[in-house]
Amino acid sequence: MKRHFTVLGAGTVGTCCALQLLRDGHDVTLIDRDAPGMGCSFGNAGIIQVGGLVPLSTPGILSQVPGMMLDPNGPLVVRWQYLPRLAPYLIRFIAAAAPHRVEAAATALSSILALAVDSFKPLFDAANAWSLIRETGELYLYKTDAAFEAARSAHDMRRRHGIRIETIPVEALAQLEPAVARIYKHALLFNDCISTLDPAVLTQTLAGKFRADGGELLQETVNDLEIDADGKRTLITSTGRRKVDEIVIAAGAYSKPWAKKLGSYVPLDTERGYHLMLRNAGVELGRPVVFGDQKFGAVSMLDGVRIAGTAELAKLDAEPNYQRAFRLLNLAKEALPDLRTDDVTPWMGHRPSTPDSLPVICKAPNADKTYFAFGHGHLGLTMGGVTGRLIADLAAGRTPPIDMKPFSISRFG
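Residues numbered from 1 in each chain as written. Predicted model: local features only at pLDDT ≥ 70, side-chain atom pairs only at ≥ 80, totals over all residues. Heavy atoms only, no water.

Side note on the packing of helix α1 (residues 12-23) against helix α13 (residues 384-396)
Then step 1. It is at 8 Å that the axes of α1 and α13 come closest, and there the two elements cross at 45 degrees. The orientation of α1 with respect to α13, classified from their angle, is oblique. The handedness of the crossing between α1 and α13 comes out as right-handed. Here α1 contributes Thr12, Val13, Cys16, Cys17, Gln20 and Leu21 to the contact with α13, which in turn contributes Gly384, Gly385, Thr387, Gly388, Arg389, Ile391, Ala392 and Ala395.
Then step 2. Considered class by class, the residues forming the contact of α1 with α13 number seven nonpolar, six polar and one charged. (Axes fitted to C-alpha atoms, helices over the stretch in contact; angles between N-to-C directions. Helix = DSSP H or I, 4+ residues; strand = E, 2+ residues; numbered from the N terminus. Parallel < 35°, antiparallel > 145°, perpendicular 65-115°, else oblique. Left-handed = near helix turned anticlockwise from the far one by under 90°. Contact = heavy atoms within 4.5 Å. Nonpolar A, V, L, I, M, F, W, Y, C, P; charged D, E, K, R; others polar.)

Overview of the pattern of salt bridges
Then step 1. In this structure the tally under the stated criterion is 24 salt bridges.
Then step 2. Arg152 serves as the salt-bridge partner of Glu149, at 2.6 Å between the closest nitrogen and oxygen.
Then step 3. It is possible to trace a salt-bridge network through shared partners that takes in Asp24, Asp393 and Arg398. (Salt bridge = Lys/Arg side-chain N within 4 Å of Asp/Glu carboxyl O.)

What about the packing of helix α5 (residues 116-127) against helix α9 (residues 199-212)?
Then step 1. Packing of α5 against α9 leaves a shortest axis separation of 9 Å and a crossing angle of 70 degrees. By the criterion of interaxial angle, the relationship of α5 to α9 is roughly perpendicular. On α9, the residues touching Phe120, Leu123, Phe124, Ala126 and Ala127 of α5 are Leu202, Thr205, Leu206 and Lys209.
Then step 2. When the residues that make up the contact of α5 with α9 are grouped by side-chain class, the tally is seven nonpolar, one polar and one charged.

Some words on the packing of aromatic side chains
Then step 1. In total, this model carries eleven aromatic pairs according to the counting rule given.
Then step 2. Counting every residue linked through ring pairs, the aromatic cluster contains Phe120, Phe124 and Trp130.
Then step 3. Just above the ring of Phe42 sits the side chain of Arg306; from NZ or CZ to the centre is 5.9 Å. (Phe/Tyr/Trp six-rings, centres within 6.5 Å; stacked < 30°, edge-to-face > 60°. Lys NZ or Arg CZ within 6 Å of the ring centre and 35° of its normal.)

Digging into the pairing of strand β14 (residues 246-249)
Then step 1. Of the two faces of β14, the one carrying Glu246 and Val248 and the one carrying Ile247 and Ile249 are both buried.
Then step 2. Where strand β1 (residues 4-8) and β14 come together, four bridges link them in parallel fashion. By the bridge assignment, Val7 is partnered in β14 with Val248.
Then step 3. In this sheet, strand β21 (residues 370-374) lies alongside β14 in parallel orientation, the contact comprising three bridges. Among the inter-strand pairings, Ile247 is bridged to a residue of β21, identified as Thr370. (Buried < 20%, exposed > 50% of the residue type's maximum accessible area, 1.4 Å probe, protein only. Pairing = 2+ DSSP bridges.)

Examining α13
Then step 1. The end-to-end C-alpha distance of α13, which contains 13 residues, comes to 18 Å, matching closely the 18 Å that a straight helix rising 1.5 Å per residue would cover.
Then step 2. Across the 13 residues that make up α13, a large majority, eleven, are buried.
Then step 3. One or two positions beyond α13, positive phi appears at Gly397, with a value near 80 degrees. (Expected span 1.5 Å × (residues − 1).)

Let's talk about the sheet that holds strand β12 (residues 233-237)
Then step 1. Strand order in the open sheet formed by three strands is β11-β12-β13, with antiparallel pairing between adjacent strands. The sheet is open, and its two edges are formed by β11 (222-227) and β13 (240-244), each paired on a single side. Averaged over all pairs of adjacent strands, the angle between strand axes in this sheet comes to 25 degrees, irrespective of strand direction.
Then step 2. Relative to β13, β12 runs antiparallel, the two sharing five bridges. Within the sheet, the bridge partner assigned to Arg233 lies in β13 and is Val244.

Encoded structure:
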């Protein structure tokens, strides 16, 4: 039966949810205060990262927390002045590092990531988006034996879960990636990763297809949700009042208060990601490259080279600290000696992160006609297509192709 869905959030996840529900024959409204793809989806590294099954919290993380608060140049920092507010999240984050929990999270992530690329394919076909996609894999490089050995357990975990990782002879790097410095001792290629030349343009292309096929796309700020005694819902937006029937909450890092409004608690916080966009960069990369010693990456996009890979835990409205991004310039120059850095733009966005690195994808347990699709952390672009597919399955009463229990919001009590 045709029903009406309102999707809150027009990032990659929300756009894919809206498009999949529309393809199922429903009437769908997609609403966001910004244009599609202009929030967190705007600034990621553009990788459909099928190897991203290693949780952020792993054994030994507790010993790293002091460094996160004291080292302003680390790949992940905690702004100590926000520690009291972050404490509930950090307690769960540290608890998630127990070996059995890490393995369970990796197994769950493996199940959903296995569907990531195939779930996107029909959407890319329908939107004629393949010109924005590269099927060239993702390259990991290590300068030192120590860094390579430190990453071994993560790569072993990936291999155990079926990720294809090819060892590349370092002498082949000059041909594979001519722009990369000849200082690397170890190289691994994740063959099954694909990437986009611009994640924002890709999301906008999918949203354009949604609109062309009859979806309603609204750029409005949603201020509140009223629920009357009969359970009928009304969105209070910047343009007035809007009656809604079924709702999908896909508002990324801003989803927590909506979940609370709908009767569910989630320890969702923002892992603020930074990048630098270098236009007229003077170099070209054939695929995304991760430099494992300093844990940052570089990727060629439509507008130049994007350098990303630094993050911090702080509150949503904390001022950006763009030094977090500019610290990457010297690292990037060492990795890419011919890189031009005279035209640089920094950016900061809010990754919606859960302590266990698993997204929330489920029916709302305490609210009828409501679905949750948020908390994807570093994998929002990666899981956009499959999240849309799973939400459409749940809405239709179809049995999803994976076990959905690990992704339920009920795991947080």
